[in-house]
Amino acid sequence: PLNWSLINGDKKVGLTTHFIDAEVDSGNIIHQTELIVMMKDNLNSLSDKIALIAPIHIDYLFKNIHNLKTISRTQDLSSSTFAPRLKGVDYLVEINESTNVTNLVMEIKGKQYKQNHPKISINGFTVDVCDIDLSIMDNVGEPPGTIVQFNGDEIIFVLGDKYISIITSSSLPNNLKVGMRIF
């Protein structure tokens with residue numbers, strides 16, 4: 001579920017303990033602990049944050065073990081969603097002129113998991129993305145998709161009003177040149 005939270009651009013994630021009933025994840029909520037998703041978070045950093053708050057969450061449950069039913073509340077199932085398993089096609093990230101910079105970074109970060117790297121298509125050539133970052137400098141006028149720097153496994157291009165740096169696990173196509181547009 002954490003990877004889908006990043007892919008979907010969720011602003012918060014967390015832990016929920018609930019009673020078990022006949023439906024999947026529909027029992028009354030006993031306790032929830034929330035975390036704010038930061039721009040630089042990825043699946044690994046969120047997993048680490050969850051691991052840090054889990055003992056506090058569990059400690060609360062143990063301290064309240066005798067009144068769990070009293071402190072529980074009914075879930076609002078109308079706002080519940082279930083995360084599907086990622087499939088190969090889910091790792092492909094589409095980039096075009098209308099791609100939102102924040103969503104792109106969150107989607108890439110959300111799809112980074114163990115050996116499975118998200119993929120992007122650059123001029124018809126699909127590459128694995130090892131890392132993505134935003135430049136602190138704003139775009140000074142190049143059109144979206146313009147390559148501003150390129151060297152073997154890193155490409156920096158314009159998206160919206162930002163420069164995006166993507167590092168790949170494989171070499172980028174040799175026909176890419178600074179100044180050319182990738183979409």
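Structure: see above.
**What to know about the pairing of strand β7 (residues 154-159)**
For a regular strand, the rule is simple: side chains alternate between the two faces of the sheet.
Point 1. Where burial is concerned, most of β7 is hidden: 5 out of the 6 residues are buried.
Point 2. Here 4 bridges tie strand β6 (residues 147-151) to β7, and the two strands are oriented antiparallel to one another. Each residue of the ladder has a partner; that of phenylalanine 150, found in β7, is isoleucine 155.
Point 3. In this structure, the hairpin formed by β6 and β7 is closed by a connection of 2 residues, where glycine 152 is found at a positive phi of approximately 55°.
Point 4. Two strands pair when backbone bridges link them, and β7 and strand β8 (residues 162-168) are joined in this way by 6 bridges, in the antiparallel orientation. Residue pairing for β8: glutamate 154 is matched across the bridge by isoleucine 167.

**Observations regarding the environment of glycine 160**
Point 1. With respect to the secondary-structure elements, glycine 160 resides in the loop between β7 and β8.
Point 2. Distance in space between the C-alpha atoms of glycine 160 and glutamate 142 is 9.6 Å, their sequence separation being 18 residues.
Point 3. When residues no more than four places from it in sequence are discounted, the contact partners of glycine 160 are Val101 and Asn139.

**Here we look at the packing of aromatic side chains**
Point 1. Tallied over the entire structure, the rule returns 1 aromatic pair.
Point 2. When the centroid spacing of 6.4 Å and the interplanar angle of 90° are considered together, the rings of phenylalanine 157 and phenylalanine 183 count as edge-to-face. Taken together, the positions of phenylalanine 157 in strand β7 and phenylalanine 183 in the segment after β8 put the pair 26 residues apart, joining distant regions of the chain.
Point 3. Relative accessible area serves as the criterion here: at 0%, phenylalanine 157 is assigned to the buried category.

**Regarding the nonpolar core**
Point 1. Residues Leu104, Ile120, Ile122, Ile155, Phe157, Ile164 and Ile166 are the most contacted members of the largest nonpolar core, which totals 20 residues.
Point 2. Among the elements that make up this core, the one with the highest residue count is helix α4 (residues 101-111) (4 residues).
Point 3. With residues near it in sequence (within four places) discarded, isoleucine 164 still touches Val101, Leu104, Ile132, Asp133, Leu134, Ile155, Ile156, Phe157 and Leu159.
Point 4. Residues Leu2, Val13, Leu46 and Ala54 belong to the second largest nonpolar core, which totals 11 residues.

**Notes on the pattern of salt bridges**
Point 1. Here the structure, examined in full by the defined rule, presents 5 salt bridges.
Point 2. With a shortest N-O distance of 3.0 Å, aspartate 41 and lysine 49 are connected by a salt bridge.
Point 3. A relative accessible area of 3% places aspartate 41 in the buried class.
Point 4. Residue lysine 49 is classed as partly exposed on the basis of its relative accessible area, which comes to 26%.
Point 5. For aspartate 59, the salt bridge identified is with lysine 63, shortest N-O distance 3.0 Å.

**A short note on a nonpolar patch on the surface**
Point 1. Taken together, the side chains of Ile58, Phe62 and Ile65 make up a nonpolar region of the molecular surface, amounting to roughly 310 Å² of accessible area.
Point 2. Topologically, isoleucine 58 is positioned in helix α2 (residues 43-63).
Point 3. Of the residues examined, isoleucine 58 reaches a relative accessible area of 41% and is grouped as partly exposed.

**Side note on the side chain of aspartate 41**
Point 1. The topology assignment puts aspartate 41 in the loop between β2 (29-36) and α2.
Point 2. For aspartate 41, the side chain forms a polar contact with the side chain of serine 45, separated by 2.8 Å.
Point 3. Beyond its immediate sequence surroundings of up to four residues, aspartate 41 is in contact with Leu6, Ile36, Leu46, Lys49 and Lys109.

Definitions and limits used
Residues numbered from 1 in each chain as written. Predicted model: local features only at pLDDT ≥ 70, side-chain atom pairs only at ≥ 80, totals over all residues. Heavy atoms only, no water. Buried < 20%, exposed > 50% of the residue type's maximum accessible area, 1.4 Å probe, protein only. Helix = DSSP H or I, 4+ residues; strand = E, 2+ residues; numbered from the N terminus. Pairing = 2+ DSSP bridges. Contact = heavy atoms within 4.5 Å. Phe/Tyr/Trp six-rings, centres within 6.5 Å; stacked < 30°, edge-to-face > 60°. Core = buried A, V, L, I, M, F, W, Y, C linked by side-chain atoms within 4.5 Å. Salt bridge = Lys/Arg side-chain N within 4 Å of Asp/Glu carboxyl O. Patch = residues over 30% accessible without salt bridge, like charges linked within 9 Å, V, L, I, M, F, W, Y side chains within 5 Å. Areas by Shrake-Rupley, 256 points an atom, 1.4 Å probe, with all protein chains shown as cover. Polar contact = N/O pair within 3.5 Å; in protein donor to acceptor, adjacent residues only side chain to side chain.

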